[in-house]
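Observations on the three-dimensional arrangement
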Amino acid sequence: MKLNYKEFGSGRPMIILHGLLGSLDNWQSLARRYGEKFHVFSVDQRNHGQSPHSDEMTFEAMVQDLLEFIQDHNIEKPVLLGHSMGGKTAMAFAFKHPELISGLIVADISPKTYKVHHREILDALTSVDFATVKDRRTVEDQLMLRLGDRSVVLFLAKNVYWKQDGKLAYRFNLNAIDKNIEAISAWPFRYEIYSGNTLFIKGDQSNYIRDDDPSIGQHFPNSRIMTIHGAGHWVHAEKPDDMYRVVYQYMMS
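Here the structure is a predicted model, which means the values were calculated and not measured. (Residues numbered from 1 in each chain as written. Predicted model: local features only at pLDDT ≥ 70, side-chain atom pairs only at ≥ 80, totals over all residues. Heavy atoms only, no water.)

**Points about the overall build of the protein chain**
Counting secondary structure elements, the protein chain contains 11 helices and 9 strands. Taking 18 Å as the expected radius of gyration for a compact globule of 253 residues, we find that the protein chain reaches 18 Å, a close match to that expectation. Based on the C-alpha atoms only, the size of the protein chain along its principal axes is roughly 50 × 40 × 35 Å. A fraction of 73% describes how many contacts in the protein chain between residues 6 or more apart in sequence connect residues 24 or more apart. (Helix = DSSP H or I, 4+ residues; strand = E, 2+ residues; numbered from the N terminus. Rg over C-alpha atoms; globule rule 2.2 N^0.38 Å. Contact = heavy atoms within 4.5 Å.)

The following block contains the structure:
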């Protein structure tokens, strides 16, 4: 699958992978900043942003997409930076193709299975009837009634676009994501190990990464955890300056 991407700068290569229901646009500002020092590729994963849609939504498929992307663009030994679902894709890629990367940065996700906790969000997104909705504000209002969290609603609403004149739609493939949410939440890798230099970044207000989580050391023996204070799960959006600094220091090490 040919993934949509944006490219910035030159120097040591970096590939950025967004999280579930996100897109490369969520990383636009940071990608440009990193591009002042490094060669940055910010990618829309399958079924997200402007990348192609598919019924298949597994980490095996997303690893294959990333492999094809690296080969197509002749990217030599990039650092992978992945957030949430993108972090799982990056970890899976490191297991399968360690020789192709020079490092790994995982933002606010652990190598483990999580309980499906996006059901409320997916149900809210499904409830919007684009046959009758004629403006973006109405989409936001309907999501707000179901979710009650303005920051989450605004994040999701970034995916609403004019598919054609008078017709709104989501950029992400909601049906495929909904059908595969259990696989996305799961961790199918039991014994794999990546021995390269790995940085885990967590928000101190998020519970996705625990400092005493044994799975991190088991899968990534050469890893460390950095905590960004005052940040939740969307650490790159909530504390972009701190996120920039931590990643920059890793890239320069």
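Read on for the rest.
**Focus on the nonpolar core**
Within the largest apolar cluster, 59 residues are counted, with the highest numbers of intra-cluster contacts made by Ile15, Leu21, Leu104, Leu125, Leu143, Leu156 and Tyr170. What Leu143 contacts, discounting residues up to four positions off in sequence, is Ala124, Leu125, Val128, Gly148, Val153, Leu156 and Tyr170. Membership of the second largest hydrophobic core comes to 24 residues, among which are Ile16, Phe38, Ala107 and Met243. (Core = buried A, V, L, I, M, F, W, Y, C linked by side-chain atoms within 4.5 Å. Buried < 20%, exposed > 50% of the residue type's maximum accessible area, 1.4 Å probe, protein only.)

**Here we look at the environment of Ala92**
Mapping Ala92 onto the fold places it in helix H3 (residues 85-96). The sequence separation of Ala92 and Met62 amounts to 30 residues, and the corresponding C-alpha distance is 9.0 Å. With sequence-adjacent residues up to four places away left out, Ala92 is seen in contact with Val63 and Phe189.

**Concerning the sheet that holds strand E5 (residues 103-107)**
Read across the open sheet, the 7 strands follow the order E1-E3-E2-E4-E5-E8-E9; overall the sheet is mixed. Every other strand in the sheet has two partners, leaving strand E1 (5-8) and strand E9 (223-228) as the edge strands with one partner each. When strand polarity is set aside, the average angle formed by the axes of neighbouring strands in this sheet is 15°. Bridge analysis of strand E2 (residues 13-17) against strand E4 (residues 79-83) gives 4 bridges, and the strand direction is parallel. When the sheet's bridge partners are listed, Leu17 is paired in E4 with Gly82. (Pairing = 2+ DSSP bridges. Axes fitted to C-alpha atoms, helices over the stretch in contact; angles between N-to-C directions.)

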